[in-house]
Amino acid sequence: MMDRKLLNSFCATCDLRPVLREPWCDLSWIYATDGRVMVRVAFDPALTLDVAVKYPPEVPLMNGRFDWDHDQVPADGWIEIPELPPVQMEDCVWCGGEGADLTCGLCGGYEDSCEACGGTGKLKKDPSMPACEECDGSGKHDAAQWDQVPIGESKFATGYLRKLKTLPQVMIEAKPLDPGDPHHLPPMRVKFEGGLGYLMPVKRD
Ligand SMILES: [Zn+2]
Ligand SMILES: [Zn+2]
């Protein structure tokens, strides 16, 4: 069953586009995306009590890239998510394991005489600091999250496949469309109980 916590886990955390930090909805659907993965469920007032009905300007642009034509995949064209590399927890690369960004905002570590950090570039950890969004304050993250998993002709990031696995009865396309053009990789279609989604492949080198 979709709830807001699950829906929000598909939104952006560290992202320069604040519009992606929470789900949005139109009159038919509720969407959540971080720009790489996207899920869509039917509009449900119970899920949107604290989300104003909105359709940010950049969304039609982004949404226009997707056809939501999951019914084109034949019944035997869906598979379960394959076994994934094991989780490898290590210090978060974003915050260095601190659970918060301690970088001195005044000098960024470039002033030996900085009064805020004493020239170290790092502030003292303080409970009032916002938690690191990458690791949610835990200081740890999964080093295997960017390991690539081949599905069809494309490759997908382990961390995103793990995330999709949290969806009820999730299935993925066995053979995502072959990109042909490596610069315009088509997303893989995803379906789950109550909704549809997409996952972008990892870019080819
Ligand atoms: Zn400083
Ligand atoms: Zn962190």
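Right above here is the structure, for reference.
Residues numbered from 1 in each chain as written. Chains lettered and ligands numbered in written order. Predicted model: local features only at pLDDT ≥ 70, side-chain atom pairs only at ≥ 80, totals over all residues.

Engineer: Is there a simple way to think about the overall build of the protein in this case?
Structural biologist: When you go through the protein residue by residue, the secondary structure sums to 3 helices and 11 strands. In sequence order, the protein lays out its α and β elements as α-β-β-β-α-β-β-β-β-β-α-β-β-β. Buried residues in the protein amount to 23% of all 205 residues. For the protein, restricting intrachain contacts to residue pairs at least 6 apart in sequence, the fraction spanning at least 24 positions comes to 55%. (Helix = DSSP H or I, 4+ residues; strand = E, 2+ residues; numbered from the N terminus. Buried ≥ 20, exposed ≤ 12 C-beta atoms within 10 Å, placed from the backbone. Contact = placed C-beta atoms within 7 Å.)

Engineer: Looking at this model, I keep getting lost on the pairing of strand β3 (residues 37–42). Mind explaining?
Structural biologist: Counting buried positions over the 6 residues of β3 gives 5, a clear majority of the element. Here 5 bridges tie strand β2 (residues 29–33) to β3, and the two strands are oriented antiparallel to one another. Paired with Ile-30 across the bridge in β3 is Val-41. Linking β2 to β3, which pair antiparallel, is a turn of 3 residues; within it Gly-35 sits at a positive phi near 100 degrees. Where β3 meets strand β11 (residues 195–199), 5 bridges bridge the pair, whose relative direction is antiparallel. Directly across from Val-37, in β11, lies its bridge partner Leu-199. (Pairing = 2+ DSSP bridges.)

Engineer: What exactly am I supposed to notice about the sheet that holds strand β4 (residues 78–79) here?
Structural biologist: Across a sheet, strands are paired by hydrogen bonds formed along the backbone, either parallel or antiparallel in direction. On the basis of which strands lie adjacent, the open sheet formed by 7 strands has the order β1-β2-β3-β11-β10-β9-β4 and antiparallel pairing. Two strands close off the open sheet at either side, each with one partner strand: β1 (24–25) and β4.

Engineer: What should I look at first to understand the environment of Met-171 in this one?
Structural biologist: The residue Met-171 is located in strand β9 (residues 171–173) in this model. Residue classification places Met-171 among the partly exposed positions, given that 19 C-beta atoms sit within 10 Å. When the C-alpha positions of Met-171 and Phe-192 are compared, they lie 6.2 Å apart, and in sequence the two are 21 residues distant.

Engineer: What exactly am I supposed to notice about the environment of Gly-197 here?
Structural biologist: As for its position among the elements, Gly-197 is in strand β11. Placed 157 residues apart in sequence, Gly-197 and Arg-40 show a C-alpha to C-alpha distance of 5.9 Å.

Engineer: Looking at this structure, how should I read unusual backbone geometry?
Structural biologist: Note on backbone geometry: most residues besides glycine have negative phi, and most peptide bonds are trans. Phi is positive for Trp-68, close to 50 degrees, though the residue is something other than glycine. Of note, Trp-68 is situated in the loop between α2 (58–63) and β4.

Engineer: Explain the nonpolar core here, please?
Structural biologist: In a soluble, globular protein the nonpolar side chains are often hidden away together inside. The biggest cluster of nonpolar side chains holds 25 residues, and the ones touching the most others in it are Tyr-31, Phe-156, Tyr-160, Leu-164, Met-188, Val-190 and Leu-199. When contributions to this core are tallied by element, the ones reaching two or more residues are β1, β2, β3, β8 (154–157), α3 (158–165), β10 (188–192) and β11. At 4 residues, the largest contribution of residues to this core is made by β3. Ignoring anything within four residues of it in the chain, the contact list for Leu-199 reads Val-37, Phe-156, Tyr-160, Leu-164, Pro-187, Met-188 and Val-190. (Core = buried A, V, L, I, M, F, W, Y, C linked by C-beta atoms within 7 Å.)

Engineer: Honestly, the pairing of strand β7 (residues 148–151) in this entry has me stumped. Any pointers?
Structural biologist: Bridge count between β7 and β8: 4 bridges; the pairing is antiparallel. Counterpart to Val-149 in the pairing with β8 is Phe-156. Between β7 and β8, which pair antiparallel and follow one another directly, the connecting turn spans 2 residues, one of which, Gly-152, has a positive phi of 60 degrees.

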